[in-house]
Amino acid sequence: MRRVFASPVIQWLASLMLSAVIVLIAVLAFLSFVDHAYIQRNPIAATEEDLGYGLVMVFSLIASAVVALPAWGLLAWRIRRAIERKVA
């Protein structure tokens, strides 16, 4: 198994996939928190076609993407460094 991870390409691919899963779970948790908070504050409007709900979710997605993309790159780099140290 160590020979498979000896390649830098495999190390980058593995770290990108693992960090993508971690960041995606964090973004989905954040969006579900925002969704739940909005529905608690506006229970009737959230069940209908509500422009406010759509805007809250779109802006929350944009905000989480602004944070998630650099975090994904940093996490991928850190995981790759950890894999590189384990293999060497």
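Everything quoted here is computed from the prediction, not taken from an experiment.

Chemist: Account for the side chain of serine 60, naming residues and giving values.
Modeler: Relative to the assigned elements, serine 60 resides in helix α2 (residues 51-87). When sequence neighbours within four positions are dropped, the list of residues in contact with serine 60 reads Phe30, Leu31 and Val34.

Chemist: Describe in detail the packing of aromatic side chains, supporting the description with residues and values.
Modeler: For the structure on display, the rule yields 1 aromatic pair. With 5.5 Å between their ring centres and 45° between their planes, tyrosine 38 and tyrosine 53 make a pair best called tilted. With tyrosine 38 in helix α1 (residues 8-41) and tyrosine 53 in helix α2, this residue pair connects regions lying 15 residues apart in the sequence. Judged by its relative accessible area of 13%, tyrosine 38 is buried.

Chemist: I'd like a rundown of the nonpolar core, residues and numbers included.
Modeler: The biggest cluster of nonpolar side chains holds 6 residues, and these are Val23, Val27, Leu31, Val34, Met57 and Ala68. Going through the elements one at a time, α1 and α2 are the ones with two or more residues in this core. Element by element, the count of residues in this core is highest for α1, at 4 residues. With near-sequence residues (within four places) excluded, alanine 68 lies in contact with Val23 and Val27.

Chemist: Lay out the packing of α1 against α2 with the relevant residues and their values.
Modeler: When two helices pack together, their arrangement is captured by the angle between the axes and the distance separating the axes. Contact geometry for α1 and α2: axes closest at 7 Å, N-to-C directions at 150°. Judged by the inter-axis angle, α1 sits roughly antiparallel to α2. Both α1 and α2 take part in a crossing whose hand is right-handed. When its residues are assigned to classes, the contact of α1 with α2 shows 27 nonpolar, 6 polar and 3 charged.

Here is what the cut-offs are and how they apply
- Residues numbered from 1 in each chain as written.
- Predicted model: local features only at pLDDT ≥ 70, side-chain atom pairs only at ≥ 80, totals over all residues.
- Heavy atoms only, no water.
- Helix = DSSP H or I, 4+ residues; strand = E, 2+ residues; numbered from the N terminus.
- Contact = heavy atoms within 4.5 Å.
- Phe/Tyr/Trp six-rings, centres within 6.5 Å; stacked < 30°, edge-to-face > 60°.
- Buried < 20%, exposed > 50% of the residue type's maximum accessible area, 1.4 Å probe, protein only.
- Core = buried A, V, L, I, M, F, W, Y, C linked by side-chain atoms within 4.5 Å.
- Axes fitted to C-alpha atoms, helices over the stretch in contact; angles between N-to-C directions.
- Parallel < 35°, antiparallel > 145°, perpendicular 65-115°, else oblique.
- Left-handed = near helix turned anticlockwise from the far one by under 90°.
- Nonpolar A, V, L, I, M, F, W, Y, C, P; charged D, E, K, R; others polar.

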